[in-house]
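The lines below spell out each chain.
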Amino acid sequence: MRRWHRMRRVLNYANLSTPLGLLVARLGRARLAPGPDGLVLGYGYRLPFPIAGAFTIGNVVLTKHGEGFLTGRLLRHEDRHASQYAACAGLPMLPLYAVAVVVSVLVCGNPASWNVFERLADLEDGNYLRTPPWWARTGPGGRTGPPPG
């Protein structure tokens, strides 16, 4: 494990975001397994919120899906969120993320495309689509550019 990942693990325990993530995992009855780079992976999360296919609290990455779902680009995306918790001093990330969701919904109508946290974690790695701002849409259904045909 690289030095940054060790430091992130310590920071996210100290700032209480990882302990909160472990509590949420327990409440959601997720099966925990050690992951790469100091992450803890939780599979089979059973609570209906949040709706996302995977989400991160501190160094804990949770999904309703079974083992093997958290791999590749999606895991890198969630790994970046773990680093964001460390950068935001832990729990303050939760209200900051909520504000970013509201801003994104106001700008483009969905919670991720203009959410600064999702953009910094690489939208595509998290399986999110890039939606243009509402004022830049020119065609029916929010298309940009010339009409087809």
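Everything numeric in this text was worked out from a predicted model, so none of it was measured.

About the criteria used
Residues numbered from 1 in each chain as written. Predicted model: local features only at pLDDT ≥ 70, side-chain atom pairs only at ≥ 80, totals over all residues. Heavy atoms only, no water. Salt bridge = Lys/Arg side-chain N within 4 Å of Asp/Glu carboxyl O. Helix = DSSP H or I, 4+ residues; strand = E, 2+ residues; numbered from the N terminus. Buried < 20%, exposed > 50% of the residue type's maximum accessible area, 1.4 Å probe, protein only. Phe/Tyr/Trp six-rings, centres within 6.5 Å; stacked < 30°, edge-to-face > 60°. Axes fitted to C-alpha atoms, helices over the stretch in contact; angles between N-to-C directions. Parallel < 35°, antiparallel > 145°, perpendicular 65-115°, else oblique. Left-handed = near helix turned anticlockwise from the far one by under 90°. Contact = heavy atoms within 4.5 Å. Nonpolar A, V, L, I, M, F, W, Y, C, P; charged D, E, K, R; others polar. Pairing = 2+ DSSP bridges.

Asks: Just to check I follow, could you spell out the pattern of salt bridges for this structure?
Replies: Close approach of charged atoms allows side chains with opposite charge to pair. As enumerated under the stated definition, the model contains four salt bridges in all. With a closest N to O distance of 2.9 Å, arginine 8 and aspartate 79 form a salt bridge. In this pair, arginine 8 is assigned in helix H1 (residues 3–14) and aspartate 79 in helix H3 (residues 72–87), connecting sequence segments 71 residues apart. The same class applies to arginine 8 as to aspartate 79, namely buried. The partner of arginine 130 in a salt bridge is glutamate 124, with the nearest N and O atoms 2.8 Å apart. What emerges from the salt-bridge pattern is a single network uniting Arg73, Arg80 and Asp125.

Asks: Help me understand the packing of aromatic side chains in this model?
Replies: What characterises a pair of aromatic rings is the spacing of the ring centres plus the angle enclosed by the ring planes. Taken as a whole and judged by the stated rule, the model has three aromatic pairs. Measuring from ring centre to ring centre gives 5.1 Å for tyrosine 45 and phenylalanine 55, while their planes differ by 75°; the resulting arrangement is edge-to-face. With tyrosine 45 in the loop between strand S2 (40–43) and strand S3 (54–57) and phenylalanine 55 in strand S3, this pair connects stretches of sequence that are ten residues apart. Considering the side-chain rings of tyrosine 97 and phenylalanine 117, the 5.9 Å spacing of their centres and the 35° angle between planes classify their relative orientation as tilted. Pair noted here: tyrosine 97 is in helix H4 (residues 93–108) and phenylalanine 117 is in helix H5 (residues 116–120), with a separation of 20 residues, a long-range link. For tyrosine 97, a relative accessible area of 25% gives the class partly exposed. Judged by relative accessible area, phenylalanine 117 falls into the buried class, the value being 9%.

Asks: I tried to follow the packing of H1 against H3 on my own but got confused; where do I start?
Replies: Think of two packed helices as two axes; the pair is described by the angle between the axes and how far apart they sit. Where H1 contacts H3, the two axes come as close as 9 Å, and the packing angle between them is 60°. Taken together, H1 and H3 sit at an angle that is classed as oblique. Regarding H1 and H3, the two cross each other, and that crossing is left-handed. Contacts between H1 and H3 involve Trp4, His5, Arg8, Leu11 and Asn12 from the former and Asp79, Ala82, Ser83, Tyr85 and Ala86 from the latter. Here the residues of the contact of H1 with H3 are counted per class, giving five nonpolar, three polar and two charged.

Asks: Whenever I open this one, the sheet that holds S3 confuses me. Can you help?
Replies: The pairing of strands in a sheet happens through backbone hydrogen bonds and is either parallel or antiparallel. With mixed pairing, the four strands of this open sheet are ordered in space as S1-S2-S4-S3. Here the strands that pair on one side only, and so sit at the sheet edges, are strand S1 (31–34) and S3. Direction aside, the axes of adjacent strands within the sheet are offset by 25° on average. In this structure, S1 lies alongside S2, joined through four bridges in antiparallel fashion. Bridge pairing in S2 places arginine 31 opposite tyrosine 43. Against the sheet, helix H2 (residues 17–27) touches S1, S2, S3 and strand S4 (60–63), its axis set at about 25° to S4.

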